[in-house]
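Listed below, chain by chain, are the residues.
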Amino acid sequence: MQRDAPVPYGLIEDAAIAVEGDRIAWIGRRQDLPKNVEANCNRHHDARGALVTPGLIDCHTHLVYGGDRAHEFELRLGGASYEDIARAGGGIASTVKATRAASEAELLAQSLPRLRALMGEGVTTIEIKSGYGLSLEHEAKTLRVARTLAEQEPVDVRTTFLGAHALPPEFAGRADDYIDEVLAMLPALHEQGLVDAVDAFCERIAFSTAQTERVFEAARKLGLPVKLHAEQLSDSGGAQLAARYGALSCDHLEWLGEEGAAAMARAGSVAVLLPGAFYFLRDTRVPPITMLREHGVPMAVSTDCNPGSSPCTSLLLMLNMACTLFRLTPQEALAGATRNAAQALGLKDRGVLSPGLRADFVLWDVEQPAQLSYAMGSNPRRQTVHGGRPA
Ligand code: DI6
Ligand code: FE
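The present account deals with the structure reproduced in this document.

Cut-offs applied
Residues numbered from 1 in each chain as written. Chains lettered and ligands numbered in written order. Predicted model: local features only at pLDDT ≥ 70, side-chain atom pairs only at ≥ 80, totals over all residues. Heavy atoms only, no water. Patch = residues over 30% accessible without salt bridge, like charges linked within 9 Å, V, L, I, M, F, W, Y side chains within 5 Å. Areas by Shrake-Rupley, 256 points an atom, 1.4 Å probe, with all protein chains shown as cover. Salt bridge = Lys/Arg side-chain N within 4 Å of Asp/Glu carboxyl O. Lys, Arg positive; Asp, Glu negative; His and termini not counted. Charge placed at Lys NZ, Arg CZ, Asp CG, Glu CD. Helix = DSSP H or I, 4+ residues; strand = E, 2+ residues; numbered from the N terminus. Buried < 20%, exposed > 50% of the residue type's maximum accessible area, 1.4 Å probe, protein only. Pairing = 2+ DSSP bridges. Right-handed = clockwise from strand over helix to strand, strands pointing away. Core = buried A, V, L, I, M, F, W, Y, C linked by side-chain atoms within 4.5 Å. Contact = heavy atoms within 4.5 Å. Near = heavy atom within 4 Å. Polar contact = N/O pair within 3.5 Å; in protein donor to acceptor, adjacent residues only side chain to side chain. Nonpolar A, V, L, I, M, F, W, Y, C, P; charged D, E, K, R; others polar. Phe/Tyr/Trp six-rings, centres within 6.5 Å; stacked < 30°, edge-to-face > 60°. Lys NZ or Arg CZ within 6 Å of the ring centre and 35° of its normal. Axes fitted to C-alpha atoms, helices over the stretch in contact; angles between N-to-C directions. Left-handed = near helix turned anticlockwise from the far one by under 90°. Donors = N, O, S within 2.8 Å, 3.2 Å for Na, K, Ca; no water.

The next point concerns a negative patch on the surface. A cluster of acidic residues, Asp-235, Glu-258, Glu-259 and Glu-294, forms a negative patch on the protein surface. With respect to the element layout, Glu-258 can be found in helix H10 (residues 258-267). With a relative accessible area of 46%, Glu-258 lands in the partly exposed category.

Here it is, written out as structure tokens:
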């Protein structure tokens, strides 16, 4: 797919891609392949009719965590709500306990299968948030595990500091003091090279807009981009706030209002849609897709891979759910896991197949792109190429 291509998906029939190092050197119709490009090529691969897309980008995950929350799933099925469980000291807090208790090696071992499952479906870039450590020691541990995953596997990892995810038990009733702590953690983690972006959970069960703004101010001072978990359970004005700080993205957005959408459009923030969380929490309020389209807000689609609201390691299933539950077109869904997902991470070197960009792509055994979001639970991936190398 190429940027601004007039045909659906920017599809090129009978295409050729030339790769040099980790970059795309040339892409177009095979018959147009320049003679010198062909002559300089020392290895040819016949894609044998495969559909080739950019490597998939999962731009919102909480993939590194300890334990699971299957028991809370049972409680919810028995009638308890996600918010009830959170208020009773479960929810995110129970994952914080398990994550703190896990050693770095244990955390890595628990996270690796989740990463491999996503990579098995063609993910070449993934964002991983902290937010289950909630202290300098454990946030650093989480972010180091995220970095180690990228060293061990052929995948790019972007790390996001989500210190303002929930109130840790030792700060119960002292949310502002905990924000002071978050503000102290951020520069220390940044100094260790562990932070690519900063996120917060702005919600009535988490942090207020005033508290979120303090975090954003601190990020701005360090020159770090921000993102926000906004309007997931209520409209708290988080999107407008995030837009004022030029947020890369606002994520969830079930309760987003018109002013929020307009602010996002002005700021160039991406709307990251998380149909897994919507589905798993049996939400009924769909994010305002038509409004986002009308305002020209780019939409991304991601797994939100986390133990509480979206224990999901299939980005292809999310493409399907983005279409069935949120009524995205398959073309919008695919752009949501490629081009717009790259934008949500502030990455300009990937997400589309264009000369000069990273040679991250996937060969699929499908006839047409809509099959990627059409089928549930199938995985037509034949081969992934990450940075010009078979992965
Ligand atoms: N919103 C979410 O959906 C995840 N975090 C957040 O801020 C859920 C986190 C969890 O329940 O463990
Ligand atoms: Fe999330």
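Take the pairing of strand E8 (residues 227-230) next. Both faces of E8 are covered, namely the face carrying Lys-227 and His-229 and the face carrying Leu-228 and Ala-230. Sheet topology places E8 next to strand E9 (residues 249-252); four bridges connect them, and they run parallel. Counted as the bridge partner of Ala-230 is His-252 from E9. At this point the chain moves from E8, through helix H9 (residues 238-244), to the parallel E9, and the crossover so formed is right-handed.

Turning our attention to the nonpolar core. Leu-63, Ile-126, Leu-149 and Val-195 are the most contacted members of the largest nonpolar core, which totals 92 residues. Considering every element that reaches this core, the biggest residue donor is helix H13 (residues 315-324), with seven residues. Among residues more than four places away in sequence, those in contact with Val-195 are Leu-143, Arg-147, Thr-159, Phe-161, Leu-186, Leu-189, His-190 and Leu-224.

Surrounding ligand 1, one finds 14 residues, the nearest of these being Arg-69, Tyr-82, Tyr-132, His-165 and Ser-309. Between ligand 1 and Gln-232 there is a distance of 3.1 Å, counted from a nitrogen atom to a side-chain nitrogen or oxygen. In isolation ligand 1 exposes 320 Å². Once the protein is present, 100% of that is buried. Residue composition of the shell around ligand 1, grouped by class: four nonpolar, eight polar and two charged.

Looking now at unusual backbone geometry. Of note in this structure, Tyr-9 is not a glycine but carries a positive phi near 60 degrees. By secondary structure assignment, the location of Tyr-9 is in the segment before strand E1 (15-20). Residue Tyr-9 is classed as buried on the basis of its relative accessible area of 13%.

Going through the model one piece at a time under the given rule, you end up with six aromatic pairs. Ring centres of Tyr-65 and Tyr-132 lie 6.2 Å apart, and the angle between their planes is 70 degrees; this geometry places the pair in the edge-to-face category. Note that Tyr-65 is positioned in the loop between strand E4 (56-58) and helix H2 (70-77) and Tyr-132 in the loop between strand E5 (123-129) and helix H6 (136-152), a separation of 67 residues in sequence. Tyr-132 matches Tyr-65 in its accessibility class, with the two residues each being buried. With a centroid separation of 5.0 Å and 80 degrees between ring planes, the pair formed by Phe-278 and Phe-326 is classed as edge-to-face. Placement of Phe-278 in helix H11 (residues 275-280) and of Phe-326 in the loop between H13 and helix H14 (330-336) is noted, with a sequence separation of 48 residues between them. Look at Phe-278 and you get buried, because its relative accessible area is 7%. A relative accessible area of 2% places Phe-326 in the buried class. Each residue in the set Phe-171, Tyr-178 and Phe-207 is aromatic and connected to the rest through ring pairs, giving one cluster. Seen from the ring of Tyr-65, Arg-114 lies directly overhead, with NZ or CZ sitting 3.5 Å from the centre.

Attention shifts here to the packing of H6 against helix H7 (residues 175-191). Look at H6 against H7: their axes get within 10 Å of each other, and the N-to-C directions meet at 40 degrees. Here H6 and H7 pass one another in a crossing that is right-handed. Between H6, through Leu-136, Glu-139, Ala-140 and Leu-143, and H7, the contact on the second element is made entirely by Met-185, Ala-188 and Leu-189.

The subject of this paragraph is the environment of Thr-384. By the element assignment, Thr-384 lies in strand E13 (residues 381-386). Each C-alpha atom of the pair Thr-384 and Val-123 lies 8.3 Å from the other, and the pair is 261 residues apart in sequence. Apart from residues lying up to four places away in sequence, Thr-384 is in contact with Met-119, Gly-122, Thr-124, Phe-361, Val-362, Arg-389, Pro-390 and Ala-391. Engagement of the side chain of Thr-384 in a polar contact is seen with the side chain of Arg-381, the distance being 2.8 Å.

The next subject is the coordination of the iron ion (ligand 2). Taken together, the protein donors to the iron ion (ligand 2) comprise His-60 (NE2), His-62 (NE2), His-229 (NE2) and Asp-304 (OD), at separations of 2.1 to 2.3 Å. Of note, the iron ion (ligand 2) draws all its donor residues from one chain, in the sequence arrangement H-x1-H-x166-H-x74-D.

So, to be careful, I would describe these as geometric facts and stop short of saying anything about function.
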